[in-house]
Amino acid sequence: MKLVLIAAAACLVPLAASAQTVPAPAATEAVATAPAPAADAASAAKFNLDTPIETLVADEKAKAVLAVDLGTDVTANPSYDQFKSMSLHQVQPFAPDKLTDDLLKKVETDLAAIK
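Let me sum up the structure you'll find in this document.

Rules used throughout
- Residues numbered from 1 in each chain as written.
- Predicted model: local features only at pLDDT ≥ 70, side-chain atom pairs only at ≥ 80, totals over all residues.
- Heavy atoms only, no water.
- Core = buried A, V, L, I, M, F, W, Y, C linked by side-chain atoms within 4.5 Å.
- Buried < 20%, exposed > 50% of the residue type's maximum accessible area, 1.4 Å probe, protein only.
- Helix = DSSP H or I, 4+ residues; strand = E, 2+ residues; numbered from the N terminus.
- Contact = heavy atoms within 4.5 Å.
- Axes fitted to C-alpha atoms, helices over the stretch in contact; angles between N-to-C directions.
- Parallel < 35°, antiparallel > 145°, perpendicular 65-115°, else oblique.
- Left-handed = near helix turned anticlockwise from the far one by under 90°.
- Nonpolar A, V, L, I, M, F, W, Y, C, P; charged D, E, K, R; others polar.

Once that is clear, we can look at the nonpolar core. Grouped together as the largest cluster of nonpolar side chains are 21 residues, with contacts concentrated most on Ile-53, Leu-66, Leu-88 and Leu-111. Of all the elements in the fold, those that place two or more residues in this core are helix H3 (53–58), helix H4 (60–70), helix H5 (80–83), helix H6 (88–91) and helix H7 (101–112). With near-sequence residues (within four places) excluded, Ile-53 lies in contact with Val-74, Tyr-80, Phe-83, Lys-84, Met-86, Ser-87, Leu-88 and Val-91.

See below:
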């Protein structure tokens with residue numbers, strides 16, 4: 001299994017390159033309290049690096065971000081079924097030279113821009 005994941009991760013990014021998304025807060029009655037601090041853009045984003053890859057590719061815009069930033073269509077990878085339920089953060093240790101911190105930061109920024 002480890003070999004399959006390593007091979008899958010290596011194919012994710014040709015040369016360059018399970019937590020769920022944060023649910024919306026529940027509605028509550030108006031209470032006289034101080035307003036909550038504004039959430040940062042990454043935690044309020046629709047998608048992030050902890051979103052399962054299969055969830056990302058199910059969305060047209062997120063799939064396009066992956067294709068552009070990673071330089072490949074991850075669903076075309078022969079091992080896609082092996083890693084699709086994993087997030088990019090979970091796959092990174094299997095290919096740290098391909099899924100660099102800088103590359104994942106770019107993917108995260110681009111995913112956060114999706115509305």
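Between H4 and H7, the shortest axis-to-axis distance is 10 Å and the interhelical angle comes to 155°. Judged by the angle between their axes, H4 and H7 are roughly antiparallel. Of the two elements, H4 crosses H7, and the hand of that crossing is right-handed. Contact with H4, carried on its side by Ala-62, Val-65, Leu-66, Asp-69 and Leu-70, involves Leu-103, Lys-106, Val-107, Asp-110 and Leu-111 of H7 and no other residues of that element. Grouping the amino acids of the contact of H4 with H7 by side-chain chemistry returns seven nonpolar, no polar and three charged.

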